[in-house]
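# Inside the fold
Listed below are the residues making up each chain.
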Amino acid sequence: MSVLPLVFTSGWASGVNAYAVVLLLGLFGAAGLSDDVPETLQHPEVLIVAGVLFLCEAVADKIPYVDSAWDSVHTLIRPAAGAWVGALLAGQSGSLSDVAAGLLGGTTALASHAVKAGTRMAVNTSPEPLSNVVVSLAEDLGVAGIVTFAMFHPGAAAVIAGVLLLAGLVVLYFLVSRIRRFLHRRAQRREERRLTRQPGAPPG
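About the criteria used
- Residues numbered from 1 in each chain as written.
- Predicted model: local features only at pLDDT ≥ 70, side-chain atom pairs only at ≥ 80, totals over all residues.
- Heavy atoms only, no water.
- Salt bridge = Lys/Arg side-chain N within 4 Å of Asp/Glu carboxyl O.
- Helix = DSSP H or I, 4+ residues; strand = E, 2+ residues; numbered from the N terminus.
- Buried < 20%, exposed > 50% of the residue type's maximum accessible area, 1.4 Å probe, protein only.
- Phe/Tyr/Trp six-rings, centres within 6.5 Å; stacked < 30°, edge-to-face > 60°.
- Contact = heavy atoms within 4.5 Å.
- Core = buried A, V, L, I, M, F, W, Y, C linked by side-chain atoms within 4.5 Å.
- Axes fitted to C-alpha atoms, helices over the stretch in contact; angles between N-to-C directions.
- Parallel < 35°, antiparallel > 145°, perpendicular 65-115°, else oblique.
- Nonpolar A, V, L, I, M, F, W, Y, C, P; charged D, E, K, R; others polar.
- Arc of directions from axis to C-beta.
- Polar contact = N/O pair within 3.5 Å; in protein donor to acceptor, adjacent residues only side chain to side chain.
- Left-handed = near helix turned anticlockwise from the far one by under 90°.

A separate point is the pattern of salt bridges. Close approach of charged atoms allows side chains with opposite charge to pair. Enumeration over the complete set of coordinates arrives at eight salt bridges. Notably, a salt bridge pairs K62 with D140, separated by 3.2 Å at the nearest N-O pair. In this pair, K62 sits in the loop between α2 (44–60) and α3 (66–73) while D140 sits in helix α6 (residues 130–152), placing the two residues 78 residues apart along the sequence. Each member of the pair, K62 together with D140, is buried. A salt bridge links D71 to R78; the shortest N-O distance between them is 2.9 Å. Comparing D71 with R78, the two get one shared label, buried. One salt-bridge network, held together by shared partners, links D61, D67, K116, R120 and E139.

Okay, the packing of aromatic side chains next. Under the defined criterion, the tally for this structure stands at one aromatic pair. Aromatic side chains Y173 and F174 sit 5.3 Å apart centroid to centroid with 85° between the ring planes, which places their arrangement in the edge-to-face category.

Further remarks concern unusual backbone geometry. Of note, Y65 is a non-glycine position whose phi angle comes to about 70°, a positive value. The partly exposed category is assigned to Y65, whose relative accessible area is 28%.

Quick look at the environment of L33 now. With respect to the helices and strands, the residue L33 is situated in the loop between α1 (4–30) and α2. With relative accessibility at 47%, the residue L33 sits in the partly exposed group. Sequence-wise, L33 and T108 are 75 residues apart; in three dimensions their C-alpha atoms are separated by 25 Å. Sequence-distant contacts of L33, defined by excluding residues within four places in its chain, comprise F28 and F152.

The next thing to look at is the nonpolar core. W12, L25, V143 and V147 are the most contacted members of the largest nonpolar core, which has 38 residues in total. Residue assignment for this core shows that the elements contributing at least two residues are α1, α2, α4 (77–93), α5 (98–123), α6, α7 (154–174) and α8 (176–197). Apart from residues lying up to four places away in sequence, L25 is in contact with V37, L41, V85, V147 and M151.

The next subject is the packing of α2 against α3. The N-to-C vectors of α2 and α3 enclose an angle of 140°; their axes lie 8 Å apart at closest approach. Relative to α3, the element α2 lies oblique. When α2 is examined against α3, the residues L53, C56, E57 and A60 are found in contact with a partner set consisting of V66, D67 and W70. The class makeup of the residues in the contact of α2 with α3 is five nonpolar, no polar and two charged.

D67, S68, W70 and D71 are the residues of α3 that are buried. Considered in projection along α3, the buried side chains sweep an arc of 160° and stay on one side of the axis.

Attention now goes to the side chain of D140. D140 sits in the buried class, given a relative accessible area of 16%. Reaching out from D140, the side chain makes a polar contact with the side chain of K62 at a distance of 3.2 Å. D140 has contacts with N17 and K62, leaving out every residue within four places of it along the chain.

What follows concerns the packing of α1 against α2. Closest axis-to-axis distance for the α1/α2 pair is 9 Å, and the angle between their directions is 145°. With respect to the hand of their crossing, α1 and α2 are arranged in left-handed fashion. Contact residues: V16, N17, Y19, A20, V22, L23, G26 and L27 in α1; V46, L47, A50, G51, L53, F54 and E57 in α2. Classifying every residue of the contact of α1 with α2 gives 11 nonpolar, three polar and one charged.

In structure tokens:
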């Protein structure tokens, strides 16, 4: 069976939470639940690093504005992780070119990252922090559920991931005005901080 559905699903999930994907795949492989997981992801040091970074993201992802800063830092990390995982999965399977799998995983991760980052900007226009926690928990549970499902039903999981990605892009389109509001507020805060750091005018 082609590893293409698993590459697509892991790419989508990497765009939401790359560390959770690496951690889950590594644990499934180490536990012997799947032969599709390459040994690289099963190494203890990889699992430890992924676990620590996952905990860091679990905290940062639930704090208003900190989550958007975290997303900005991961604009390159998540697509790179999606490409890396995709290439490893293809190398393990041998049914798909490493380059093609890397491109698919990276592109899918970039698209889902854009949905996640844009949605968080829109959520951060809300004055209360509860929405950030709810959205973050939904993302964590969604990634965990779909990656787990993909281990046993890769084709069906890929369809679900595709639907979620498409729905996310549609929602993102309708959130453009709120995203612009968030960016405007952030620019205002930066300008205010810049002005407060400036020394006072010298006496005449």
